[in-house]
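Residue-level structural notes
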Amino acid sequence: MKTKKRFLVPVFVFSLCIFGAGKVLPQDGIMERMAFGVKAGVNSSNVYDTKGDDFDAKAKWGFAAGAFLSFPFNAVLGFQPELMYSQKGFKSTGSVLGVDYSYTRKLNYIDVPLQLQIKPIPALTILAGPQFSFLINEGYDFESDAFDLGDQDPADDNARKNTIGIVGGLDLHFSNAVLSGRVAWDMQRNNGDGTSTSPRYRNVVIQLTLGIML
């Protein structure tokens, strides 16, 4: 039930952005210029602001998919909200009491980027703005020379459920196809306890997607 409620929050935020933009933007002919699209691709996620000398984070690959709306103000400026399912996390290796371990953190989010569009030329859009991320579920895989915990669901984990960040990137337009690149950073840390196996961290994600305008 809690996961379902957390999923409804970003959907509500995305819907509110659509409704608000419709009220604010000029109405004369705007519907002919608005665009809706879907996209899918991959994340390369990692963490920064880690604490613990024995902790060494490495990038983790994940899936990303969702929808976006384009609201142009004029030929140069616009607004683009998105609703994305985004797999994040990281891989790490380290040592506890002389025992080497490997640790994979798995975090699944719904991201809502609210981006300003700048279009220097028709085929290129520069985007930047805040991003609201909502954690829908999490897990980890812990292995060591001494034991293997396998896939675990951290029921008592103190990870932050709602996170504010910033996002920026480029869209390249090829007729109805859109090739998108994004880089996103959390502005708030996860509230971890700062140990070598559960460090304090902030997500950073490089995302590449291919979309289509419908």
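Here, the structure is the one placed above.
Let us look at the structure shown here. (Residues numbered from 1 in each chain as written. Predicted model: local features only at pLDDT ≥ 70, side-chain atom pairs only at ≥ 80, totals over all residues. Heavy atoms only, no water.)

Quick notes on a nonpolar patch on the surface
A grouping of Val-42, Trp-61, Leu-172, Phe-174, Leu-179, Leu-208 and Leu-210 is seen on the molecular surface, where their side chains present a nonpolar patch of about 710 Å² in accessible area. If you trace the backbone, Leu-210 turns up in strand β10 (residues 202–213). (Patch = residues over 30% accessible without salt bridge, like charges linked within 9 Å, V, L, I, M, F, W, Y side chains within 5 Å. Areas by Shrake-Rupley, 256 points an atom, 1.4 Å probe, with all protein chains shown as cover. Salt bridge = Lys/Arg side-chain N within 4 Å of Asp/Glu carboxyl O. Helix = DSSP H or I, 4+ residues; strand = E, 2+ residues; numbered from the N terminus.)

As for the environment of Arg-189
Here Arg-189 shows up in the loop between β9 (177–186) and β10. Considering only alpha carbons, one finds Arg-189 and Asn-203, 14 residues apart in sequence, at a separation of 7.9 Å. Residues contacting Arg-189, with those up to four places away along its chain left out, are Arg-160, Arg-200, Tyr-201 and Arg-202. (Contact = heavy atoms within 4.5 Å.)

So, the nonpolar core
By size, the foremost hydrophobic cluster in this structure holds ten residues: Val-47, Phe-90, Tyr-101, Tyr-103, Leu-107, Tyr-109, Leu-135, Phe-142, Ala-159 and Tyr-201. Among the elements of the structure, β5 (99–121) and β6 (124–144) are those that each provide at least two residues to this core. Looking at this core, the element that brings in the most residues is β5, giving four residues. Within the second largest apolar cluster, six residues are counted, among which are Phe-71, Phe-79, Val-112 and Phe-134. (Core = buried A, V, L, I, M, F, W, Y, C linked by side-chain atoms within 4.5 Å. Buried < 20%, exposed > 50% of the residue type's maximum accessible area, 1.4 Å probe, protein only.)

Regarding the pairing of strand β8 (residues 162–174)
Note that β6 and β8 share eleven bridges and pair antiparallel. Each bridged residue has a counterpart across the sheet, and for Leu-127 the counterpart in β8 is Gly-169. Bridge analysis of β8 against β9 gives ten bridges, and the strand direction is antiparallel. In the strand pairing of β9, Asp-171 is matched with Ser-180. (Pairing = 2+ DSSP bridges.)

Re the pattern of salt bridges
Following the criterion strictly, the structure yields six salt bridges and no others. Linking Glu-82 and Lys-39 is a salt bridge whose minimum nitrogen-to-oxygen distance equals 3.1 Å. Separated by 43 residues along the polypeptide, Glu-82 in strand β4 (residues 77–96) and Lys-39 in strand β1 (residues 35–48) bring together distant segments of the chain. The residues Glu-82 and Lys-39 share a single accessibility class, namely buried. A salt bridge links Glu-138 to Lys-161; its shortest N-O distance comes to 3.4 Å. One end of the pair, Glu-138, is in strand β6; the other, Lys-161, is in the loop between β7 (148–152) and β8, and 23 residues separate them in sequence. Classification of Lys-161 by relative accessible area gives partly exposed; the value is 30%. Members of the salt-bridge network, linked through shared partners, are Lys-39, Glu-82, Asp-171 and Arg-182.

Honestly, it's all geometry; don't read function into it.
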